[in-house]
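# An overview of the molecular structure
So you can see what is in the structure, the chains are spelled out below.
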Amino acid sequence: MLKPIKTSEEYENALARVYELIQLDLKEDSDEFIEYQTLVLFIEAYEEERYKFAPPHPIEAIKFRMDQMNVSPKQLELILGSRSRVSEILNGKRKLSLSMIRRLNKKLHIPAGVLINEY
């Protein structure tokens with residue numbers, strides 16, 4: 001019988017069962033497919049409850065993405081404007097504007113929800 005996950009043991013068992021189910025060629029109207037969908041929902045609910053993470057700091061997210069994508073401060077100037085503006089933003093002395101957030105989202109693929117957080 002399927003029921004919400006309450007313990008880490010139930011969580012591990014659900015993960016193992018989902019792994020078993022994804023190895024099968026599931027048909028959308030099958031009992032196994034319904035079981036799979038239900039378990040995934042229970043797993044997601046358990047993880048959301050147990051593993052809450054604070055959103056990253058907007059400036060740290062920019063620096064992280066720059067490092068990930070090998071973007072230099074010079075290249076960031078093309079997105080945000082002048083060298084002094086980039087420096088002020090990266091040092092936390094200037095807030096991001098809505099247009100900057102849009103450009104960072106489009107060019108560096110940083111979620112806008114991360115960039116609008118207060119700092």
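Here goes a summary of the coordinates provided. Within any chain, residue numbers begin from 1 and follow the written order of that chain's sequence. Only residues with pLDDT of at least 70 get local features here, since the model is predicted, and only at 80 or more are side-chain atom pairs given and counted; chain-wide, interface and lining totals rely on the full set of residues. Hydrogen atoms and water are omitted, and side-chain values are computed over all heavy atoms in the structure.

With that settled, the discussion passes to the side chain of Ser30. Working definition: helices are DSSP H or I runs of at least four residues, strands are E runs of at least two. Numbering for both runs from the N terminus. By the element assignment, Ser30 lies in the loop between helix 1 (8-22) and helix 2 (31-50). We call a residue buried when its accessible area falls under 20% of the maximum for its residue type, exposed when it is over 50%, and partly exposed in between, using a 1.4 Å probe and counting protein chains only. Look at Ser30 and you get buried, because its relative accessible area is 14%. By the criterion applied in these results, polar contacts are pairs of N or O atoms within 3.5 Å in which, for protein atoms, one can donate a hydrogen and the other can accept it, and in which residues neighboring in sequence qualify only through two side-chain atoms. At 2.7 Å, the side chain of Ser30 and the backbone oxygen of Lys27 are in polar contact.

Of the two site types, the cavity is a set of points on a 1 Å grid over the protein atoms alone where a 1.4 Å probe fits but cannot get out, and the pocket is an open set with protein on both sides within 12 Å along at least five of seven lines, each lined by residues with an atom within 4 Å of a point. Grid points are joined across faces, edges and corners, and a volume is the space filled by probe spheres set on the points. Reported here for the largest pocket is a volume of approximately 150 Å³. Forming the walls of the largest pocket are Met1, Leu2, Lys3, Pro4, Ile5, Glu10, Asn13, Ala14, Arg17 and Leu39. Broken down by element, the lining of the largest pocket gets its largest block of residues, 4 residues, from helix 1. We call Asp, Glu, Lys and Arg charged. Ala, Val, Leu, Ile, Met, Phe, Trp, Tyr, Cys and Pro are nonpolar, and the rest, Gly among them, are polar. Here the lining of the largest pocket is built from residues that sort into 6 nonpolar, 1 polar and 3 charged.

A separate point is unusual backbone geometry. Positive phi values are uncommon outside glycine, yet Asn70 reaches one of about 55 degrees. Tracing the sequence through the fold places Asn70 in the loop between helix 3 (58-69) and helix 4 (73-80). With phi around 60 degrees, His109 is a residue other than glycine that occupies positive phi space. Along the polypeptide, His109 turns up in the loop between helix 6 (98-108) and helix 7 (112-115). Since its relative accessible area comes to 53%, His109 is described here as exposed.

By secondary structure assignment, the location of Glu77 is in helix 4. You can call Glu77 buried: its relative accessible area is 19%. In this structure Glu77 touches Ser82, Arg83 and Val86, once residues within four positions along its chain are discounted. Here, two residues are considered to be in contact whenever any of their heavy atoms come within 4.5 Å of each other.

Before going further, it helps to examine the packing of helix 4 against helix 5 (residues 83-90). Between helix 4 and helix 5, the least distance of the axes is 9 Å, while the angle of their chain directions is 100 degrees. By the angle between their axes, helix 4 is roughly perpendicular relative to helix 5. Here Pro73, Leu76, Glu77 and Leu80 of helix 4 come into contact with helix 5, specifically with Arg83, Arg85, Val86, Ile89 and Leu90. Residue composition of the contact of helix 4 with helix 5, grouped by class: 6 nonpolar, no polar and 3 charged. Lines fitted to the C-alpha atoms define the axes, with helices restricted to the stretch that makes contact. Angles between their N-to-C directions range from 0 to 180 degrees. Put simply, angles under 35 degrees are roughly parallel, angles over 145 are roughly antiparallel, angles from 65 to 115 are roughly perpendicular, and the rest are oblique.

Attention shifts here to the environment of Glu35. Summarising the element assignment, Glu35 is placed in helix 2. Look at Glu35 and you get buried, because its relative accessible area is 19%. Spatially, the C-alpha atoms of Glu35 and Ile116 are 38 Å apart, while their sequence positions differ by 81 residues. Non-local contacts of Glu35, meaning those with residues more than four positions away in its chain, are made with Leu2, Arg17 and Leu21.

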